[in-house]
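Structure assessment
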Amino acid sequence: MANYSSEQAFNQLLLQIVGKKLIDSLDMINSDSKSKIEKCIACTNDEYYYALSLQADCVPDSKRMIIQAQKRLESLNALLTLAKLI
């Protein structure tokens, strides 16, 4: 079992929630934890609204995309709550 610092643990949780692709697409090297989460929330909101537009166009995969974005937003908001407490 790995022994993480609080920053490493946070980064691991964020990676598990949003995935490497999103993390790599954002410039977050010098960002604090709260800023990292807020950037991820903004990107996930964009994905969510895009999925809603696909649903309006009757794209079959849109429902899965909406559910996935909602789950990610719930997890990010939970992580943001923890980041504010730490």
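Note that this is a predicted model, so its numbers are computed, not measured.

Scanning the protein chain from N- to C-terminus turns up four helices and zero strands. Listing each helix as α and each strand as β along the protein chain from the N terminus yields α-α-α-α. The principal-axis extents of the C-alpha atoms in the protein chain amount to approximately 45 × 25 × 25 Å. Counting across all 86 residues of the protein chain, residues that qualify as buried make up 27%. Excluding contacts between residues fewer than 6 apart, the proportion of contacts in the protein chain whose partners are at least 24 apart in sequence is 52%. Entry remark: accessible area of the protein chain is about 6100 Å², with carbon and sulfur atoms responsible for 55%.

On to the side chain of arginine 72. Mapped onto the fold, arginine 72 is located in helix H4 (residues 62-85). Once residues within four sequence positions are removed from consideration, arginine 72 is found in contact with Ile17, Val18, Thr44 and Glu47.

Before going further, it helps to spend a moment on the packing of aromatic side chains. What the rule picks out here adds up to one aromatic pair. Ring centres of tyrosine 48 and tyrosine 49 lie 5.4 Å apart, and the angle between their planes is 70°; this geometry places the pair in the edge-to-face category. Of the residues examined, tyrosine 48 reaches a relative accessible area of 18% and is grouped as buried.

Calculation criteria
Residues numbered from 1 in each chain as written. Predicted model: local features only at pLDDT ≥ 70, side-chain atom pairs only at ≥ 80, totals over all residues. Heavy atoms only, no water. Helix = DSSP H or I, 4+ residues; strand = E, 2+ residues; numbered from the N terminus. Buried < 20%, exposed > 50% of the residue type's maximum accessible area, 1.4 Å probe, protein only. Contact = heavy atoms within 4.5 Å. Areas by Shrake-Rupley, 256 points an atom, 1.4 Å probe, with all protein chains shown as cover. Phe/Tyr/Trp six-rings, centres within 6.5 Å; stacked < 30°, edge-to-face > 60°.

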